[in-house]
Amino acid sequence: MRFGKLAALGFAAWLLSTPAFADEQVKPILDSAEKLKPDAIKFWEQLVSIDSGTGDAQGINAVGAIAAEELKKLGASVDLVPNEHALAGDNIVATFTGTGQGKILLMAHMDTVFAKGSVAKRPFRIEGGRAYGPGVSDDKAGVVIGLTTLKILKELNFKDYARVTLLLNTNEETGSRGSRTLIERLAKEHDVTLNLEGGRAGDGITIWRKGSGTIKVEVKGRASHAGASPELGRNAVMELAHQVLQLSKLADETKGTTVNFTVVKGGDRKNVIPDYAEADADVRAVVSEEFDRVEHDLAATIKNKLIADTEVKATLTRTFPVMPQNAQIDALATMAQRIYGELGKTLALGGSGGAADSSLAAGVFKPTLDGLSMIGANPHTDREYAVVDSMVPRLYLLTRMVMELGRKP
Ligand SMILES: [Zn+2]
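For clarity, every value in this text was computed on a predicted model and none was experimentally measured. (Residues numbered from 1 in each chain as written. Predicted model: local features only at pLDDT ≥ 70, side-chain atom pairs only at ≥ 80, totals over all residues.)

1. As for the domain arrangement of the protein
1) Next: Each assigned domain of the protein is listed here: domain 1 (6-209 + 322-407) and domain 2 (214-320).
2) Next: Counting residues at the interface gives seven residues for domain 1, matched by eight residues for domain 2. (Domains from an automatic or database assignment. Contact = placed C-beta atoms within 7 Å.)

The following block contains the structure:
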């Protein structure tokens, strides 16, 4: 679909969008987005061409330096905020101060899940309308959308906001341990947080996210010769296998709670009954009460042992809070749909089992919307891509959201 052709805009859709936003107001934003698109693609290529796996300080700071330079050109005051726990790289916090009322936090992350050398193997390329490369969608596209939106606002000389902040995080892919306090502080300082993770398939945004946690199970047994005297041993791997199977049942499909054992370790020599084994399970839930329930049931369940003389310990660690669907988020989503409707387009709403930085913003009870970057697919794989044609409509959406939220008292 071509967006320059506003005559093609569904009149009914436009009429239904309230408050009405006139064609002549839509056009300058779209024109600016179209004009900036070629440079945005170049910038995108530049970002994807730098390996910046979480923990790669050099790569992350190289991405940060390019972004910071662009942000300074736009008139932002840019702070480099070192990570907590001495993790790699500096977070970028770019602040724009305007003359209006609303305070809006935009977030994207610079780190990827890919190891150094991935770019050389799979350089940025566009094929059949899709852009490929390590982190192309997750979340280099988000950095591009955030920065280009700020460029559009600057071009249009729009300053009707109290504050717009762009946070570029360094360690989202490993749970934002190094920037959690920063994200929570910034989210509290702003009225609303818009997270620029990839748009969902079917042209959607993300309005809820499951919270996440980890169950760690540790079993202590007793070593013995596996051939000569197995009966003297207490097999930690056998007990762990039993625990893994029974603890998997802490999942509750009706409530959307999942418990998946993903890492198992035990034993290192074939002829020794192992005296130690451990396993990690990934836990997700739609409502935070489910974490309480899992934690409670976990303690009760491990008492049921296969091998009486083994020692079993299990803990639940909560990683990301739940981003619940609530009235505030519904209102934001309705606004986003109305704005997308100005282009004659329909914005789908959905949720995700994956946690993200928006979960941390939601965790401090601030209205938060996610999935506002370009449409993407297959994150964390070498088949990852982003839909290039979704750039302009997503730039329009974010620009208009900042405009409406900026004015808002
Ligand atoms: Zn990711």
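2. Examining the environment of His296
1) Next: Along the polypeptide, His296 turns up in helix 8 (residues 289-301).
2) Next: On the neighbour-count criterion, His296 (12 C-beta atoms within 10 Å) is exposed. (Helix = DSSP H or I, 4+ residues; strand = E, 2+ residues; numbered from the N terminus. Buried ≥ 20, exposed ≤ 12 C-beta atoms within 10 Å, placed from the backbone.)

3. Things to note about the nonpolar core
1) Next: Grouped together as the largest cluster of nonpolar side chains are 104 residues, with contacts concentrated most on Ile104, Val144, Leu194, Ala336 and Val402.
2) Next: The element best represented in this core is helix 11 (residues 391-407), accounting for ten residues.
3) Next: The two domains that each donate at least three residues to this core are domain 1 (6-209 + 322-407) and domain 2 (214-320).
4) Next: Discounting chain neighbours no more than four positions away, the residues touching Leu194 are Ile104, Leu106, Leu369, Leu372, Leu398 and Met401. (Core = buried A, V, L, I, M, F, W, Y, C linked by C-beta atoms within 7 Å.)

4. Regarding the sheet that holds strand 3 (residues 103-109)
1) Next: Strand order in the open sheet made by the six strands is 1-2-6-3-7-16, with mixed pairing throughout. Strands at the two margins of the open sheet, each flanked by one partner only, are strand 1 (77-82) and strand 16 (368-369).
2) Next: Taken together, the four bridges between strand 3 and strand 7 (residues 192-195) define a ladder with parallel strand orientation. What sits directly across from Leu106, in strand 7, is Leu194.
3) Next: Across the sheet, helix 3 (residues 57-73) is in contact with strand 1, strand 2 (90-97) and strand 6 (163-169); its angle to strand 2 comes to roughly 10°. (Pairing = 2+ DSSP bridges. Axes fitted to C-alpha atoms, helices over the stretch in contact; angles between N-to-C directions.)

5. So, the sheet that holds strand 14 (residues 311-320)
1) Next: Taken in spatial order, the four strands of this open sheet run 11-13-9-14, and their pairing is antiparallel. The open sheet is flanked by strand 11 (258-266) and strand 14, the only strands paired with a single partner. Taken over all neighbouring pairs, the strand axes of this sheet differ in orientation by 20° on average, direction set aside.
2) Next: Where strand 9 (residues 211-220) and strand 13 (residues 276-285) come together, ten bridges link them in antiparallel fashion. The residue of strand 13 that forms the bridge with Lys220 is Tyr276.
3) Next: Here helix 7 (residues 236-247) sits on the sheet and contacts strand 9, strand 11, strand 13 and strand 14; the angle it forms with strand 9, its principal contact strand, is near 150°.
4) Next: Where helix 8 meets the sheet, it contacts strand 9, strand 13 and strand 14, and its direction lies at approximately 170° from that of strand 14.

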